[in-house]
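A look at the structure
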Amino acid sequence: MKAYVYEQQEERRAGLASELRNAGIDPQFVGSDFFASGLGILRQQGQKNRAILLSECDELREHIRALRMAKCVSPIIVFRNFRNSQDTASLLDLGADDVMVSPIRGAEVVSRMNSVIRRLYGHAADSIVMGELTAYFDGRDPIISGSRIKLSKREHSVFQHLALNSNKVISKDAIYDAVYGSSIDQPFDKIIDVYICKLRKKIAAASESGWQYIETVQGRGYRLMLPETISKAG
């Protein structure tokens, strides 16, 4: 799980970074120039499930306004030093999705991020059930035929993106961008195929029916579907 983080105070960055990383969030710290010239990246595929975490500052409202005017739909969560119901209401009205008050706990940030993201994709609950498969949006690995299967970090990222878009065809490029984003450490271009193959094997091995649940739509991408639907589509 990746997030853009804006924190002006250098002395607070290390502690915040440690708290977020311990909760499974990969923080990418940005400066003020990000809101002036770096917002184009937020309109790329796979970016809408990358949260933007903003610490309190004088330009906070301008930053939120710039993000929403740039058509950014990513979750925006504000970190505040003190509770103030009037200011909180103002920030939410301006476009923030949530406001948290110090001390900031990574586990709570993850839950709030997941809550916003799943609603962004049209899911009210923290999981979906498709036949033998239960997929979670809160970081838990899926359950197949009553047993939980263990996924690696990358496998989980790929699977969750498919689950969030269940029954929809998702291109390999969109999955790649959601998992790797703008990372300078870019793997070879077949890596998504490799992870899809690994996921299929784990799902098929755990399911009583032997179904893989992930369909390949030739020339378009992949889709997480019920086995009966895949069968009829074929």
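Please refer to the structure placed before this passage.
Residues numbered from 1 in each chain as written. Predicted model: local features only at pLDDT ≥ 70, side-chain atom pairs only at ≥ 80, totals over all residues. Heavy atoms only, no water.

**Thoughts on the layout of surface pockets**
- For the largest pocket, the calculated volume is near 540 Å³.
- Looking at the largest pocket, it is lined by 25 residues, and the ones nearest its centre are Met-1, Gly-24, His-156, Ser-157 and Gln-160.
- Looking at which element gives the most residues to the lining of the largest pocket, the answer is helix α6 (residues 153-164), with 7 residues.
- Here the lining of the largest pocket is built from residues that sort into 8 nonpolar, 9 polar and 8 charged. (1 Å grid on protein atoms, 1.4 Å probe; cavity = no way out; pocket = protein on both sides within 12 Å on 5 of 7 lines; lining within 4 Å. Points joined across faces, edges and corners; volume = space filled by probe spheres on them. Helix = DSSP H or I, 4+ residues; strand = E, 2+ residues; numbered from the N terminus. Nonpolar A, V, L, I, M, F, W, Y, C, P; charged D, E, K, R; others polar.)

**What to know about the packing of aromatic side chains**
- A complete count under the given rule lists 3 aromatic pairs for this structure.
- With 5.2 Å between their ring centres and 35 degrees between their planes, Tyr-4 and Phe-34 make a pair best called tilted. In this pair, Tyr-4 is assigned in strand β1 (residues 2-6) and Phe-34 in helix α2 (residues 33-37), connecting sequence segments 30 residues apart. One exposure class covers both Tyr-4 and Phe-34, and it is buried.
- On the basis of an interplanar angle of 90 degrees and a centroid distance of 5.3 Å, the ring pair of Tyr-6 and Phe-35 is categorised as edge-to-face. Here Tyr-6 is found in strand β1, whereas its partner Phe-35 is found in helix α2, with 29 residues between them in sequence. For the pair Tyr-6 and Phe-35, a shared accessibility class is recorded, and that class is buried.
- Pairwise contacts between aromatic rings join Tyr-4, Tyr-6, Phe-34 and Phe-35 into one cluster. (Phe/Tyr/Trp six-rings, centres within 6.5 Å; stacked < 30°, edge-to-face > 60°. Buried < 20%, exposed > 50% of the residue type's maximum accessible area, 1.4 Å probe, protein only.)

**Considering the side chain of His-63**
- Among the structural elements, His-63 can be located in helix α3 (residues 60-69).
- When sequence neighbours within four positions are dropped, the list of residues in contact with His-63 reads Tyr-6, Phe-35, Leu-54 and Cys-57. (Contact = heavy atoms within 4.5 Å.)

**Topic: the environment of Ile-77**
- Along the chain, the position of Ile-77 falls in strand β4 (residues 76-80).
- Between the C-alpha atom of Ile-77 and that of Ile-52, which follows or precedes it by 25 residues, the distance is 6.3 Å.

**A few points about unusual backbone geometry**
- Each neighbour pair has its own omega, and for Ser-102 with Pro-103 the value is 5 degrees, a cis peptide bond.
- Relative to the assigned elements, Pro-103 resides in the loop between β5 (98-101) and α5 (106-120).
- Backbone geometry at Asn-167 places phi at a positive 70 degrees, although glycine is not the residue there.
- Topologically, Asn-167 is positioned in the loop between α6 and α7 (172-180).
- One non-glycine residue, Tyr-213, adopts positive backbone phi at about 70 degrees.

**Things to note about the packing of α6 against α7**
- For the pair α6 and α7, the least separation of the axes is 10 Å and the interaxial angle reads 125 degrees. The orientation of α6 relative to α7 falls into the category oblique. Of the two possible hands of crossing, α6 and α7 adopt the one that is right-handed. Residues Arg-154, Ser-157, Val-158, His-161 and Leu-162 of α6 touch α7, and the partners they reach there are Ala-174, Ile-175, Ala-178, Val-179 and Tyr-180.
- Its residues assigned to classes, the contact of α6 with α7 comprises 7 nonpolar, 2 polar and 1 charged. (Axes fitted to C-alpha atoms, helices over the stretch in contact; angles between N-to-C directions. Parallel < 35°, antiparallel > 145°, perpendicular 65-115°, else oblique. Left-handed = near helix turned anticlockwise from the far one by under 90°.)

**Concerning the nonpolar core**
- Formed by 31 residues in total, the largest nonpolar core has its most connected members in Val-158, Phe-159 and Ile-192.
- Of all elements in the fold, only β6 (127-130), β7 (133-136), α6, α7, α8 (191-206) and β11 (221-224) reach the threshold of two or more residues within this core.
- For this core, the element with the most residues is α8, which contributes 6 residues.
- Among the nonpolar cores identified, the runner-up in size contains 21 residues, and Tyr-6, Leu-39, Leu-54 and Leu-91 belong to it. (Core = buried A, V, L, I, M, F, W, Y, C linked by side-chain atoms within 4.5 Å.)

**Describing the pattern of salt bridges**
- Using the criterion set out here, one finds 13 salt bridges in the structure.
- Between Arg-13 and Glu-10 there is a salt bridge, with its nearest N and O atoms 3.6 Å apart. In this pair, Arg-13 and Glu-10 are both assigned in helix α1 (residues 10-22), 3 residues apart and thus about one turn of the helix distant.
- Here Glu-10 falls in the exposed class, since its relative accessible area comes to 55%.
- Measuring nitrogen to oxygen at the nearest pair gives 3.1 Å for the salt bridge that ties Asp-193 to Lys-172. Remark: Lys-172 occurs in helix α7 and Asp-193 occurs in helix α8; sequence separation between them is 21 residues.
- Connected through shared salt-bridge partners, Glu-56, Arg-61, Arg-80 and Asp-87 make up one network. (Salt bridge = Lys/Arg side-chain N within 4 Å of Asp/Glu carboxyl O.)

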